[in-house]
Amino acid sequence: MNRKGIFTFLILILFISLSTNICISQNKKPMTFMDIMHINRVGSPDISPDGSRMIYTTSVLDWEKRKYFSDIFIVPTTGGDSRQMTFTKDKNETSPKWSKDGSFFAFLSDRDGKNQIYFMRPDGGEAWKVTKHKDGVTKFEWSKDGKYLAYTAGKPEKRQIWIMPGKGGKPVKLTSHKTPVKDWYWSPCCKKIYFIAPDSVDKIDNKRKKEKFDVKIINPVKFPDHLWVVDVEKKEEKRLTGGNEYTVQQIVISDNGSKIAFNGASTNRYAGWLDVEVYLLDVTSGIITRITKNSVWEAPVSFSPDSKWLAFCAADEFTYGRLSKIYVIPSNGGPIKKLLPEFQYDASISFWSDDSKTIYFNTGVGVTRQLFSVSIDGGKPLQLTKEKANTYVFKDKETGTLLIYYTDPENPNDIYTSTLNNLGNKEYWIRLTKANPQVENFALGQYETIRWKSTDGQMVEGILIKPVSYTKERRYPLIVQIHGGPASAYTLSFSGSYGTYTNIYAAHNYAVFQPNYRGSNNYGEKFRMEIAGDYFRQAFDDIMTGVDYLIDRGIAHPDSLGMMGWSAGGHWSNWTLVSTDRFKAISTGAGAVNWISLYAETDVQFTREFYFKGTPYDNWDHYAVSYTHLRAH
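For every chain, the first residue of the written sequence is number 1, and numbering continues from 1 onward in sequence order. A pLDDT threshold of at least 70 governs which residues receive local features in this predicted model, and a stricter bar of 80 or more applies before side-chain atom pairs are shown or counted, although totals over entire chains, interfaces and linings include all residues. Note: side-chain values were computed over all heavy atoms of the structure, leaving out hydrogens and water.

## Let's talk about the overall build of the protein chain
Applied cut-off: Counting from the N terminus, the helices are the DSSP runs of H or I reaching at least four residues and the strands are the DSSP runs of E reaching at least two. Only C-alpha atoms enter the radius of gyration, while the globule expectation follows 2.2 Å times N to the 0.38, with N the number of residues. Partly exposed describes any residue whose relative accessible area lies between the buried limit of under 20% and the exposed limit of over 50%, with all areas from a 1.4 Å probe on protein chains only and scaled to the type maximum. Only heavy atoms enter the contact rule, under which two residues are in contact if any of them lie within 4.5 Å. All accessibility values rest on the Shrake-Rupley procedure with a 1.4 Å probe; residue burial counts only the protein chains present in the view. Counting rule for charge: Lys and Arg are taken as positive, Asp and Glu as negative, and neither His nor the chain ends is counted. To locate a charge, take atom NZ for lysine, CZ for arginine, CG for aspartate or CD for glutamate.
A count of helices and strands for the protein chain gives 10 helices and 40 strands. For 633 residues, the compact-globule estimate of 2.2 N^0.38 gives 26 Å, and the C-alpha radius of gyration of the protein chain, at 28 Å, lies within 12% of that figure. Dimensions along the principal axes, computed over C-alpha positions, put the protein chain at roughly 100 × 65 × 55 Å. Within the span of the protein chain, comprising 633 residues, buried residues form 50% of the whole. For the protein chain, long-range pairs separated by at least 24 residues make up 48% of all intrachain contacts whose partners lie at least 6 apart in sequence. For the protein chain, the computed accessible surface area is about 30900 Å², with 51% contributed by carbon and sulfur atoms. Distance between charge centres in the protein chain, computed from 80 positive and 69 negative side chains, equals 4 Å.

Given below as structure tokens:
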């Protein structure tokens, strides 16, 4: 072969090599870190009163300014192209809401400095500003009849409620409360607004903030927040709750306006976020009934559409760490009833059926997230979605339109709509947003759900992401990613986060392993609680047997292992670092080393007490073993 032939042959070999290992079919390109940063985010959907259109926001990164900026879009609910309505490059348009007749919509924008309310017609044209408050506007909402538009404005320490005609006009100050308004809600009758305000203001803390004192004060004195009501026409305020037993956090009003449920948190300055109870206020009599007494977080709280039932979520038997169950109680009084007693996944209320007989809830199932329903009469739940994906279904209360946030390994989060009957078949869903069309041009790692047997015989599940150019003929370096929590789980969703970036590893010929080790969510209560009192050992075995499984399959190279994790993932990364020398590199973030000193310094001690079965004073040996194991190595 002559010199020219040899050169041609070498070029051919190089071309084949590049085609196999780098070049992706159909001109797709490997993802980069900048691609991750430029994944756009959709949010704040609102359906027009006639159900024909949806407005929403899309947030886009401005790399030079290191900020995300959002604009407003409109799309038909029958599907089709979205239309961009606002074009402020370095400003934000947020919280879009349709007017009650659908002829225009309102939104907040900081285009002139502080957030103000703007109106805009859906057929386009310029938006017009309807508020001019020096310190800006926060929350706004129309009354149900559309007669009024209310909003809060002012500095946080002086914020009050203002009101104007529903189609715009001169705003007038509705409240002149002695303390700032923290939150507020329209009554169903449109004649009153309920609001939450503190009984006193910490003037010293306000001075700290004014002078930009940025040291965080731990366990500050708590001034209770209480519930008030103001008459829209008379502008008269009336107190509804008081005292030092609790501080009102949030309220829910029944559709008939007769009852108000609220979460009441402890006013003890040393109480944790779990010290919250459910209360029920009878609007006519003013009588307040305490529904729970357990010091376990109950949320969300929800009334049925017919106002006859109050539902809330809380840990089973009101015991921290157990699965979340749905509880229902007659709003006029009666015994609390627990739903889903045998269900082996968490339950959190999403919406009710129109006839008030069924509750729908989203929950994690293994490496997926699905929608279920359960009758308030009890019985077994019904699974309505069965996607190999992460779905979250909710209902627009005004129109009854079902909306779905959907993401899978090939698609970032977007919004879909469907009828209830078609939820089980994605082919019948209508896609409303497509915020990241650039993803179609990316070469992505192939996701595979894997299962293996741990040292105690328990089957464990996780996700394997194969290299973009994966072939069965070779082994690959493996990155083990440990999720935080530990009561969390990896799911089949798009890797658009700068915390994992699996597709970037996959583009560089790494395999990625995401184990849902013992202590993770989505596999039943026993699986999640089993590490309480034995925090490291079994979960570590789950992770390592998963690595062995991938080596045995011929995917992972035993001499090219890496690990990374944050928070609880950092704990196990630290533990791995001192337990084996199998890993060539370990990146650990926010991982504990000395659990005894951590207990004294942390502001969430109850989680340490759950996983280590008590305080260091009660269970010193267990805390000390974890510390000395790390120190010894």
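We are not done yet, so read on.
## Side note on the sheet that holds strand β12 (residues 160–165)
As a reminder, the rule being used: Strand pairing is defined by DSSP finding a minimum of two bridges between the two strands.
The strand order across the open sheet formed by four strands is β10-β11-β12-β13, and the pairing between neighbours is antiparallel. The open sheet terminates on both sides in strands that have one partner only, identified here as β10 (137–142) and β13 (172–173). Bridging between β10 and strand β11 (residues 148–153) involves four bridges; their strand directions are antiparallel. Each residue of the ladder has a partner; that of V137, found in β11, is A153.

## Section: the pairing of strand β15 (residues 192–198)
With six of its seven residues buried, β15 lies for the most part within the structure. Pairing of strand β14 (residues 183–186) with β15, which is carried by four bridges, proceeds in the antiparallel orientation. Counted as the bridge partner of W184 is F195 from β15. Joining the antiparallel neighbours β14 and β15 is a turn of five residues, in which C190 adopts a positive phi near 70 degrees. Both β15 and strand β16 (residues 225–231) contribute to a ladder of seven bridges, which runs antiparallel. Paired with P198 across the strands is D225, a residue of β16.

## Digging into the packing of helix α6 (residues 537–552) against helix α7 (residues 568–579)
When two helices pack together, their arrangement is given by the angle between the helix axes and the distance between those axes. Stated formally: Axis definition: a line fit to C-alpha positions, over the contact stretch in the case of helices; interaxial angles, taken between N-to-C directions, run 0 to 180 degrees. We call two directions roughly parallel when the angle between them is under 35 degrees, roughly antiparallel when it is over 145, roughly perpendicular when it lies between 65 and 115, and oblique otherwise. Classification used: nonpolar for Ala, Val, Leu, Ile, Met, Phe, Trp, Tyr, Cys and Pro, charged for Asp, Glu, Lys and Arg, polar for all others including Gly.
Between α6 and α7, the shortest axis-to-axis distance is 11 Å and the interhelical angle comes to 75 degrees. Considering the angle they form, α6 stands roughly perpendicular to α7. Here α6 contributes A539, F540 and I543 to the contact with α7, which in turn contributes W572, W575, T576 and S579. Of the residues that constitute the contact of α6 with α7, the class distribution is five nonpolar, two polar and no charged.

## Considerations on the packing of aromatic side chains
This is how the line gets drawn: We call Phe, Tyr and Trp rings a pair once their centres come within 6.5 Å, taking the six-membered ring for Trp, and we label the pair stacked below 30 degrees between planes, edge-to-face above 60, and tilted otherwise.
Tallied over the full model, the rule gives 50 aromatic pairs. Centroid distance Y246 to Y279: 4.4 Å. Interplanar angle 45 degrees. Geometry classified as tilted. Of this pair, Y246 sits in the loop between β17 (237–239) and β18 (247–253) while Y279 sits in strand β20 (residues 276–282), and the two are 33 residues apart along the sequence. Neither residue differs from the other here; Y246 and Y279 are each classed as buried.

## Here's the deal with the nonpolar core
So the rule is basically this: Nonpolar cores were defined as sets of buried Ala, Val, Leu, Ile, Met, Phe, Trp, Tyr and Cys residues, with membership established by side-chain atoms within 4.5 Å.
Counting residues in each nonpolar core, the largest one holds 39 residues, and the members touching the most others are L478, V480, F513, Y535, V547, L550 and W572. Counting residues per element, this core draws most heavily on α6, at seven residues. Every residue in contact with V547, bar those within four places of it in the chain, is listed here: L478, V480, F513, L561, R582 and F583. Ranked by size, the runner-up nonpolar core spans 19 residues in total, among them I36, F442, Y447 and I463.

## Details of a positive patch on the surface
For clarity, the threshold we go by: Patches here are clusters of residues that have more than 30% relative accessible area and form no salt bridge, with a 9 Å joining cutoff for like charges and a 5 Å cutoff for nonpolar side chains (Val, Leu, Ile, Met, Phe, Trp, Tyr). Salt bridges are counted wherever a side-chain nitrogen of Lys or Arg sits within 4 Å of a carboxyl oxygen of Asp or Glu.
A grouping of K114, K134, K155, K158 and K210 is seen on the molecular surface, where their side chains present a positively charged patch. Mapped onto the secondary structure, K134 falls in the loop between β9 (128–129) and β10.

## A short note on the sheet that holds β18
The strand order across the open sheet formed by four strands is β18-β19-β20-β21, and the pairing between neighbours is antiparallel. One side of each edge strand has no neighbouring strand; the edge strands of this open sheet are β18 and β21 (288–290). Within this sheet the neighbouring strands show an average axis-to-axis angle of 30 degrees, counted without direction. The pairing of β20 with β21 spans three bridges and is antiparallel. Looking across to β21, one finds that L280 is bridged to T289.

## So, the side chain of H226
Threshold: Under the rule applied, a polar contact is a pair of N or O atoms within 3.5 Å (in protein, one hydrogen donor and one hydrogen acceptor; residues adjacent in sequence only if both atoms are side-chain atoms).
In this structure, H226 sits in strand β16. Look at H226 and you get buried, because its relative accessible area is 0%. Here the side chain of H226 touches G242 through a polar contact of 3.3 Å, landing on its backbone nitrogen. If we ignore the near neighbours within four places in the chain, the residues touching H226 are F195, I196, A197, D199, R239, T241, G242, G243, Y246 and V248.

## A few points about the pattern of salt bridges
Within this structure, the stated rule accounts for 31 salt bridges. For the salt bridge of K434 with E440, the shortest nitrogen-to-oxygen distance reads 2.6 Å. A salt bridge links R582 to D548; the shortest N-O distance between them is 2.8 Å. Of this pair, R582 sits in the loop between α7 and β40 (585–589) while D548 sits in helix α6, placing them 34 residues apart in sequence. We classify R582 as partly exposed; its relative accessible area is 26%. Several salt bridges share partner residues, and in doing so they unite D316, E317, R322, K338 and E525 into one network.

## What about α7?
Here is the rule we go by: For a helix, the expected span equals 1.5 Å multiplied by the number of residues minus one.
Over its 12 residues, α7 runs 16 Å from end to end, which matches the ideal 16 Å to within 8%, given 1.5 Å per residue. Among the residues making up α7, those that are buried are A568, G569, G570, H571, W572, S573, N574, W575, T576 and V578.

## Regarding unusual backbone geometry
Here the bond from A299 into P300 is cis, since omega is -5 degrees, no more than 30 degrees from zero. Positionally, P300 belongs in the loop between β21 and β22 (301–303). At the junction of G485 and P486, the peptide bond is cis and its omega measures out at 0 degrees in the coordinates. By the element assignment, P486 lies in the loop between β37 (476–482) and α4 (502–507). In this model, K235 sits at a positive phi of 60 degrees, which is unusual for a non-glycine residue. Positionally, K235 belongs in the loop between β16 and β17.

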